[in-house]
Amino acid sequence: MGGVTLLHLPTRQLTPRQFLSAGRTGDVLHRMVAAAERVAATADDIAWMSAEPQAVRVFDHDVYTVLLAEDPTAVPAALRRVPPHRRPELEPDLLRFYAGHFPDHTIAVCCFDNADAQRAKPLLLWYAPLDPDRLTVPALDSHTGKAPDLYAAVPVDHWVLLSTDQAPAGWGTPVDYPGDMRHRLRAFLPTTVMGRQYAEGQALPNGDFTISHRDLLAGDLDRIERLQPAHR
């Protein structure tokens, strides 16, 4: 049976070569959480913030068949290129929602077989962001298969982990990576991180997480906001 993770990534261009293999280090995100967990406290409140078709690239990465599209409405025609055991059924309304609310974004539809989900490694990729002065983490929630409800408060169970290569000395908490990590992967990973847990039992306005680079450099994670997409 096929499952799917749909990510709206704040970048205009993304290619398969920008997806990084976790290799032997499938626990890389757990290591970042372990670093951030030593100093992070669960947030109690969070602020609210308003905020041409191309061919769909289809490729395999880890347990996923990934579809990359600048126009989400082009995805259904490309699903025939996904193996049947990974192929999801996507509501047209869901794809129209992303086309209308996330212009200039790249949509990544990551299809998987539920039987393989337990052995999946983290999805790691790099891209040039639309706004270099703001870090935005896709977190818009919909588990119904339909378009996300922007007026809903949704339950959350996340660690939001952040870093910057412009951080001053003493910023954040060092991450303990294994000594045999591949150099190509290590070159992309942060040396130090900051993080905040939004724990199970909390409900927040539906949206993404966002923080300005200036606030991140200052270590002020209280400035993390929920970002609501605007319809074009």
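Residues numbered from 1 in each chain as written. Predicted model: local features only at pLDDT ≥ 70, side-chain atom pairs only at ≥ 80, totals over all residues. Heavy atoms only, no water.

Student: I would appreciate a short explanation of the environment of R81 in the present structure.
Tutor: Within the secondary structure, R81 is located in the loop between α2 (75-78) and α3 (92-101). The spatial distance from the C-alpha of R81 to the C-alpha of T65 is 9.1 Å, given a sequence separation of 16 residues. Residues contacting R81, with those up to four places away along its chain left out, are V56 and V58. One polar contact links the side chain of R81 to the main-chain carbonyl oxygen of V56, over a distance of 3.2 Å. (Helix = DSSP H or I, 4+ residues; strand = E, 2+ residues; numbered from the N terminus. Contact = heavy atoms within 4.5 Å. Polar contact = N/O pair within 3.5 Å; in protein donor to acceptor, adjacent residues only side chain to side chain.)

Student: How should I be thinking about the nonpolar core in this particular structure?
Tutor: Soluble globular proteins: nonpolar side chains tend toward being buried together. Counting residues in each nonpolar core, the largest one holds 19 residues, and the members touching the most others are L6, L67, V75, L90, Y98 and V109. Within the residue set of this core, elements represented by two or more residues are β5 (64-69), α2, α3 and β6 (106-113). For this core, the element with the most residues is α3, which contributes 4 residues. Setting aside its immediate chain neighbours within four residues, V109 contacts V4, T5, L6, T65, V66, L67, V75 and L90. (Core = buried A, V, L, I, M, F, W, Y, C linked by side-chain atoms within 4.5 Å. Buried < 20%, exposed > 50% of the residue type's maximum accessible area, 1.4 Å probe, protein only.)

Student: Got a minute to help me understand the confidence of the model for the protein chain in this structure?
Tutor: Detailed reading of predicted coordinates is not advised where the pLDDT is low. Summary statistics for the protein chain give a mean pLDDT of 88 and a share of 91% for residues scoring 70 or more. Mean pLDDT per element in the protein chain: strand β3 (residues 47-50) is the minimum at 48, and helix α5 (residues 213-217) is the maximum at 98. Here residues 40-45 is a poorly scored stretch, pLDDT under 50, and it has 12 contacts once near neighbours within four places are set aside; other chains count. A low-confidence stretch, residues 48-54 stays under pLDDT 50, and its non-local contacts, those more than four residues away or across chains, total 21 contacts. (pLDDT = per-residue confidence, 0-100.)

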